[in-house]
Amino acid sequence: MECDWYKDAVVYQIYPKSFCDSNGDGIGDINGIISKLDYIKDLGINTVWISPCYKSPNADFGYDISDYRDIAPEYGTLDDFKRMLDEMHKRGIRLLMDLVVNHTSDEHEWFIESKKGRDNPYRDYYIWKDPVNGAYPNSWSSGFNESAWEWDESSGQYYLHLFTKKQPDLNWENPKVRQEIEDMVNYWLDMGVDGFRCDVINLISKDFSAKIPDNGPHLHEYLHSLYLNCFEPHNAMTVGEVWGLTPDESLELTSPLAGELSLAFQFEHLSVGRQDGKRFFPCEFDPVKFTDILAKWQYGLNGRGWNALCMENHDQPRCVNRFGSPEKYRRESATMLATLLYGMQGTVFLYEGQECGFINPVFNSYDECLDVETTDAYPYMMKTFGEKEMLRRYSFDSRDCGRIPMSWNGTENAGFTEGKSWIKLNDFRKEVNVETEINADNSVYRYYRNLIKLKKENDILKFGEFCLLNNDGRFVLYERTFEGKKLLVILRFSDTPIEIKKPFEFGKILLSNYSDADIEKETLRLRPYEAMIIEI
Ligand code: ISL
Ligand code: CA
């Protein structure tokens, strides 16, 4: 069946700082990425999303851009980038860049100008406001726990920053800003880039009277303009990063009729196991709720949109730690989680290392934590929990957990660098690394490779309609149906075994994470995290 290419994409996210270092400075780089393209290709990947690799002072590790049209020197040159793009295309891999246009770095030349004074031609590129009754213009707080307004003494105004104060928000109401952004987007698309992951894209339009700065009044208008002037003419794929969406709101952004984005991530399931969705505040993980949320999205977008399925990214710890069993059943739970998600309808997004079932490191001291979200939370966390408990929480759910370097092999430097890594390496690199995963018969890596192959080749898995048949806490069973043909996904989302009566006759096993899976008998024994895809 013919479809838009974004529906066929199997996306691998690279966090460039931590992927592979080619020159021994301890920082991943573009030449390092090029050296691993065959690895990515062999996994079955056809699309790469690379987290920001533009010039940046790295207050938020690249999500604070000081030059949208150039590559950070620590990663390489623009020519290196073009060569990487070319090497990807040669292998049938498309490239999505990260589009971070809600804000720039305060070291971007636009902001340097803007800050010079009220008369500067760039003043209106950013959002400057007078104090209201001698205080902040409104009550918004930044993504990292402080007021979203920063006082500028010399001009006597505040500027808005929804993230750190080194990330001033652009003023999208200014048509010149919109033009600059569209020109920049076309600059990369004309170069051959295939699309974008759009950072906090729902924040670009602001309603200052709203309680929280979500989905402002011109969001759809701005996106539609980008679509008409940039994305559509280039047949680009776009995926929006938007938190707090309902399926209906997601459709407003991604329905083909809207002409805005191809996809928007669904993150709702990632809040399960966090009190009120709050990071560093874990609560008991409920697999039934988790599965129900994923199912709700399958129904919600059915026939009208397309899911963007993910369990990890550079803002999340490893899914095995949060939803599986890192000590006892790492392999089983990693592969079960993969089956649960990839068995559903949608484009899958895989974060570097997830394909090998990587697990979180242990942060033994606060010095080892480098992410701004963690450091900003430090005074509060230290005061509330004390050092030991704080570090336990950081080791469980901080953004650094997924951002430490890839463990390519079990050596001292994990095969990541010849020098000293910019951040700690994984404590478990000896046992869990790409090399052992590739070589072991029954590994997470091999399972992912088979699963991706199946996802690409099997039309039922790709297009089939979803129906949840059971999610009662004992086992998960769902069905996919396409042109009268059916597939079943059955799995045990728990670290204990169970015996169930087979709900109906099964056909052939297409994929399973225990090599000796047996579906012949009347009673079906499901072992810890056992997962199967079955034909009927
Ligand atoms: O990780 C988060 C909080 O726990 C998220 O709220 C995150 O800040 C949010 O998803 C926005 O993320 C994106 O924009 C940020 C950047 O720090 C993140 O890395 C990026 O994915 C600002 O650009
Ligand atoms: Ca390097």
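Residues numbered from 1 in each chain as written. Chains lettered and ligands numbered in written order. Predicted model: local features only at pLDDT ≥ 70, side-chain atom pairs only at ≥ 80, totals over all residues. Heavy atoms only, no water.

A. A look at the sheet that holds strand E16 (residues 485-491). Spatial ordering of the open sheet is given by E14-E15-E16-E20-E18, a layout of 5 strands whose pairing is antiparallel. Pairing within the sheet leaves two strands with one partner each, and these edge strands are strand E14 (465-471) and strand E18 (509-512). Between one strand axis and the next, the sheet turns by 15° as a mean value, whatever way the strands run. Where E18 and strand E20 (residues 531-535) come together, 3 bridges link them in antiparallel fashion. (Pairing = 2+ DSSP bridges. Helix = DSSP H or I, 4+ residues; strand = E, 2+ residues; numbered from the N terminus. Axes fitted to C-alpha atoms, helices over the stretch in contact; angles between N-to-C directions.)

B. Spotlight on the coordination of the calcium ion (ligand 2). The coordination sphere of the calcium ion (ligand 2), as far as protein atoms go, consists of Asp21 (OD), Asn23 (OD1), Asp25 (OD), Ile27 (O) and Asp29 (OD), spread over 2.2 to 2.3 Å. Counting gaps between the donor residues of the calcium ion (ligand 2) yields the pattern D-x1-N-x1-D-x1-I-x1-D. A residue is classified by how much of its surface remains accessible, and Ile27, at 17% relative accessible area, is buried. (Donors = N, O, S within 2.8 Å, 3.2 Å for Na, K, Ca; no water. Buried < 20%, exposed > 50% of the residue type's maximum accessible area, 1.4 Å probe, protein only.)

C. Geometry of the sheet that holds strand E12 (residues 308-310). Read from one edge to the other, the open sheet built from 8 strands follows the order E11-E10-E9-E5-E2-E1-E13-E12, with strand pairing classed as parallel. In this open sheet, the two edge strands, each paired with only one partner strand, are strand E11 (263-264) and E12. Pairing between strand E5 (residues 94-99) and strand E9 (residues 195-198): 4 bridges, direction parallel. From the neighbouring strand, Leu96 faces E9, where its bridge partner is Gly195.

D. Here's a closer look at the nonpolar core. Tyr12, Ile40, Phe81, Val185, Phe196, Leu340 and Phe349 are the most contacted members of the largest nonpolar core, which totals 154 residues. Aside from chain neighbours lying at most four places away, what touches Phe81 is Ile30, Cys53, Ile71, Leu95, Met97, Trp188, Met191 and Val193. In this structure, Leu488, Ile498, Ile500 and Phe506 belong to the second largest nonpolar core, which totals 13 residues. (Core = buried A, V, L, I, M, F, W, Y, C linked by side-chain atoms within 4.5 Å. Contact = heavy atoms within 4.5 Å.)

E. Region of the structure containing the environment of Val101. By the secondary structure assignment, Val101 is in the loop between E5 and helix H5 (109-114). Beyond its immediate sequence surroundings of up to four residues, Val101 is in contact with Tyr68, Leu170, Trp172, Ile181, Met184, Ile201 and Ile204.

F. Representation of the site of ligand 1 in the model. Neighbouring residues of ligand 1: 16 residues in total, closest Asp60, Glu241, Arg279, Asp315 and Glu373. Side-chain polar atom of Asp60 to an oxygen atom of ligand 1: 2.5 Å apart, as the coordinates give it. Within the side chain of Trp243, an N or O atom sits 2.8 Å from an oxygen atom of ligand 1. Looking at the shell around ligand 1 residue by residue, the class counts come to 5 nonpolar, 2 polar and 9 charged. (Near = heavy atom within 4 Å. Polar contact = N/O pair within 3.5 Å; in protein donor to acceptor, adjacent residues only side chain to side chain. Nonpolar A, V, L, I, M, F, W, Y, C, P; charged D, E, K, R; others polar.)

G. Region of the structure containing the pattern of salt bridges. This model, assessed by the stated rule, comprises 40 salt bridges. Salt-bridge contacts for Lys462 lead to Asp8; the nearest nitrogen and oxygen are separated by 2.7 Å. Residue Lys462 is located in helix H16 (residues 459-463), and its partner Asp8 is located in helix H1 (residues 5-8); the two are separated by 454 residues in the primary sequence. Overall, Lys462 belongs to the buried group, its relative accessible area being 12%. For Asp8, a relative accessible area of 29% puts it in the partly exposed group. (Salt bridge = Lys/Arg side-chain N within 4 Å of Asp/Glu carboxyl O.)

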